[in-house]
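Here are the chains, one letter per residue:
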Amino acid sequence: MSEIPAKATESTDPLDGARAEAADDAVAHVRPGEPPSGDAMWQSSPPGSIYDYIKVASFSIGPDGLVEQWSLRAEQLFGIPARHAVGMDPIEAFIDPDLRAQGQRKMAEILDGREWTGVVPFRVPPSAADGEGGREGLAEVYVMPTRTEEGEKAAVCIVVDVRTLRSIETDLAASQAIFGQSPFGFVLIDPDLRVRRVNYRFASLFGGSPDDHRGKGVHDYLPRPEAERVTATLRRVLETGDSITDMHVTGFLPGSDERRHWSINLYRVRSGSGRPIGIAWLGTDITARRAAAREAAAARRNLALLNEAGARIGNSLDLETTARELLDVVVPGFCDLATVDLYQGLLAGDETPPGLADGSAELRRVAFASAVSDAPFIGSGDPVSVGAVHHYPFNSPCADALRTARPQYIPAEEGGLVQSTLAVPMVAHDTVVGLAQFARTKGSEPFGDRDRDLAVELAARAAVCIDNARLYRREHERALILQRSLLPPGDPVASGLDIACRYLPGNSSADRPSEVGGDWFDVIELPGHRTALVVGDVMGRGLRAAVAMGELRSAVRTLALLDLEPAEVLSALDEIARGLGAPGGVQQATRAARRPREADLLEVYLATCVYAVYDSVTRRCTFANAGHLPPVLVEPGEDALMLDVPPGMPLGVGGEPFEEVEVELPEGALLALYTDGLVESRDHPLDEGLQAFVGALTDPSAPLEDVCDHVLNTLDTHHGEDDIALLMARVQGLPADSVGDWTLPREPRSVGKAREYARGQLLSWGLEPLVDTTELLVSELVTNALRYGEGDIRLRLLLDRTLVCEVWDSGLVQPRRRRARDTDEGGRGLQLVGLLSAAWGSRRTPRGKTVWFELPLPDGQNGMVDPAEALLSLF
C-alpha cells in the first residue's frame, strides 16, 4: 500500500486557541438541563446537524502509545468495545502488517508532540464483538498532541469514516445537479408549506433568481381554486408520507394569459434521523403534450365520426331520410343543434340546376335535430319549422355559403343559446344541393378549423347521397310514368266480360324504396266481340325493365290485331324478346342462335306472359302460357281452382313451342290473372301465397271491385318487393237474342237472302237507322265471298256495344283493299265498306277466313254516313 499521507505540525500551532474558542462556542449551544444522550445514535443536539450523517469517533493514546480512552462512537465505527480496546496498541491492532513499521514511526512523532492528519487504511481485528472481524476500512485521522496530568506527552485522535464522506459528497453533487442542471422544475417546500429552495429551471419560468422565491407559498404561483387543491394535497403528503405521481396542475406564467399545464410529483423529504423536514416538488410542463393529446383525441373522434357517417348515411334512397341520417350522426357527437335545408326545386324534381346565382332561392327545411332543445335555432333569424319553405337574405352568411359553395361562420347574437354556428353548403358533383347548419351552444367549445374541415366532409358525403337519391327518384318517377302510360287507361271495357284490375308498383315502406318493375296487363278488343286478356312480367327492375315491358306490350297489341292464335302470339313474342337483347334486333338474334351462345347476361331480356282469347258468343277461352303463373277460375257454387295450362318456357329463351288450352267458361264464372308479386315475397313462399290467393276468392258473385280489394287486403301486398298486377274478369256471355247466324249456299240469290236476313234482324233489334247501311255492306261482302271465296257462306250479326257483321267462307285468300281507277267498273266494294263502317277487316279461321265490319249504334250523337253521299265520293 502507498505511503500514508500525512501532514505534521507543532503543538504550538497558533490556531489552537481558535479551536479552543470554537469548542467553547459549541459547548455553549448545548441546551441546559438536557442530559447527554447515552444511546448509540449518530445524532446530537440540536437534531439535524451534520453529525447525523458523518460518522465521527474519538479515542486517546497514552504516553506509552497504547489506547487510553475509547469512545462509544469508536465502538460503533470499529466494532470493538472499550474493555478490549483500552490498552491495545492501535498500530498493531488496526494497521496492516506491511505498514506497521511506518505506523510506529508516525506514532513516535505524534508522541513527540507533533500534530498529524492523514488517511489510514485499517482492518477490524478478528476479536471484534459485532462479528465484523476482518472488515477493512478507510479512515481520516486527526491526531492532536496532549499532556497528561503528570506532564507526559499523549495524543487525542479524531476519526471519520472516509466512505461515508464520499457518499455525502455524491449526494451533494446529485443535489446540486438537481438544483442547478435539471431541466425540470424542482421545489423544496418546508413543513410550513413555504418554499425553502427552487432550482434555476423553476426560477427561469416564474422570474427572478432562486433566492427570490424563498418563503413564497403555493397561492403565489397558482389561481386560488387550483392553489387550494394543491395545498390540500401537500398537507396530505406531509402527514401520511404517501407520494403523488403525475398530478396535473393548471395555471399561468407571469406576464402571460396562456393557460399552462404541469405534471407534478410530490414526495416527503426526511432527515438522516427520519424526521420529516419538507416536501420535494418535481414539475414538468406538459402543455404541448396536452395540446398534442387533444389534437390526437380530436383526430380520433373525427375519424370515428367519419366512419359512423359512412356506415349510417346513404342507407336510404329517400332525400328526407338521408338528411335525417346526417343529423343523427352529428348530434350530439359533433354539435348541439343542426338543420338541413334543400332547394325546393331539387325536391320538386326540376331538371335545371337548383338555386339562384345569388344564393337566395327557396329552400325547404327537411330535417332538424337538437341535443338541448326541440325548438328551432335561436339567434339565427326567424324560427323555421321542418317542412317550411324559406329563403335567406342576400347579405346573410347562409346565402353567401350557398353562393360561393364555401363554409361560413355565423356570429352569435347577444343573449342567444347558440355561441358558434357553421353554415356548410352541401356540394355534390360541383352542384350545391342545399345547406347544413351546425351549432354549438354556450358552454361548448367553439368551432375551429379542424371542425370546419370535418363539417365540410360530412356535408359532402351527405350531399352525394342526397344527389344519388334525387337521381334515383327521378329515374323511378320516369319509369313509373312510363309504366303507367303503357298500362290500359281507366277501367278496361270488353264485350261479354265485366273487368276489374289493380296495379301496385313496388313501393316499400322500408328505408329503401324499391325500383319500378316490368309487370303489365292489357285488355284488347278483337273482332267478333272477342277479347284478349294479357298479363306479363319482365324480369328485372328499373327503367330498362319498364322499357322492355312497353316494347313487349306494343308487340302483343300488334300481334293481337292480326288475329293470331294465342300460341302463335307467344311464339312471335319470344322472337321479339330475344331481339331486344341483340344489337341487330330479331334477325341478328336469330343468326346468333345458330352460333354458340356467348351473350352477356346483362343484355338478355326474359319475361313471363299468359295470353287468353275469350269469345263472348261461345263463352270459350283459349289460353297459352309462357312461364307464367296459372290462371285461377272460380265457377258459381264451386271452390276456386288453378287451371292446368302448360307453363312453357319464358319469353326470350326460345327453342320450345307453346301449347294452347281451350276452356268453356260458365255464365257468372270469375277468371283471375296475376303476377308473382301478389303471391310471393321473402316472408311468404310461392306455394303458400298461391294457396292464400285461391282461398281469398270465395264469393265470385260479389262486385269485382270489392273482390279485388278483398284479395289485396287479405294477402300480404304491402311488402313492396315487387310490382303487383291483378286482372279479374267475370263472364257475361252474349245473349242468344243478340246473335243472328245464317248459312247461305254459294249461289247469286244468296246476296238478296243476306240482305233480307240482315233487315229483319236489325228491325227486331230496333236498329232501323242502320238498315240501309247494313244491307249495302252485307251485299258487298257476300258478293265478294261468292266471287272470290270457296264453300258455303255464313252470315253472322252480333249486337253488343256496337253492331258487328261477319261473313264466313272457306277461302284462304284474304281480301285486299285497293284504289280503283276512274275507268274501272269494279274494285270499289271494300272502299265503300271502309267509308260506311267504323272499322272493318278480315281474319283467318281454322276452316277459311272471316271478313267483318263494325257499325256504331245510333245514339243521337254520332251522325250516320249517308250511303248515297258515300257512293258519290267514290267517283
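Owing to the predicted nature of the structure, the values given are computational and were not obtained by experimental measurement.

Reading the values: the criteria
Residues numbered from 1 in each chain as written. Predicted model: local features only at pLDDT ≥ 70, side-chain atom pairs only at ≥ 80, totals over all residues. Heavy atoms only, no water. Pairing = 2+ DSSP bridges. Helix = DSSP H or I, 4+ residues; strand = E, 2+ residues; numbered from the N terminus. Polar contact = N/O pair within 3.5 Å; in protein donor to acceptor, adjacent residues only side chain to side chain. pLDDT = per-residue confidence, 0-100. Contact = heavy atoms within 4.5 Å. Axes fitted to C-alpha atoms, helices over the stretch in contact; angles between N-to-C directions. Left-handed = near helix turned anticlockwise from the far one by under 90°. Nonpolar A, V, L, I, M, F, W, Y, C, P; charged D, E, K, R; others polar.

(A) Inspection of the pairing of strand β5 (residues 136-147) at higher detail. Looking at chain direction, strand β4 (residues 114-123) and β5 are connected through eight bridges and run antiparallel. Across the sheet, T117 pairs through a bridge with Y142, a residue of β5. What sits between β5 and strand β6 (residues 153-161) in their antiparallel hairpin is a turn of five residues, with G151 showing a positive phi close to 90°.

(B) Quick peek at the environment of N315. With respect to the element layout, N315 can be found in the loop between α9 (287-312) and α10 (319-330). Between the C-alpha atoms of N315 and E325, which are ten residues apart in sequence, the distance is 8.5 Å. Of note is the side chain of N315, whose polar atom sits 3.1 Å from the backbone oxygen of A311.

(C) Main features of the confidence of the model for the chain. Mean pLDDT for the chain: 81, with 82% of residues reaching 70 or above. Low confidence marks residues 1-45, where pLDDT is under 50. Its contacts with residues over four positions away, or in another chain, come to 53 contacts. Low pLDDT (under 50) marks residues 508-514, which in the prediction has 17 contacts with non-local residues, meaning those over four places away or in another chain.

(D) View of the packing of helix α20 (residues 771-788) against helix α21 (residues 829-836). Across the interface, α20 lies against α21 with an axial gap of 10 Å and an inter-helix angle of 150°. Relative to α21, the crossing made by α20 is left-handed. Along its contact with α20, which presents T773, L776, L777, E780, L781 and N784, the element α21 presents G829, L830, L832, V833 and L836. In terms of residue class, the contact of α20 with α21 is made up of seven nonpolar, three polar and one charged.

(E) Structural view of the side chain of E806. Here E806 lies in strand β30 (residues 802-809). A distance of 3.4 Å separates the side chain of E806 from the side chain of R843, its partner in a polar contact. Ignoring sequence-local partners within four residues, the contact set of E806 consists of P527, G528, R794, L795, R796, L798, R843, T850, V851 and W852.

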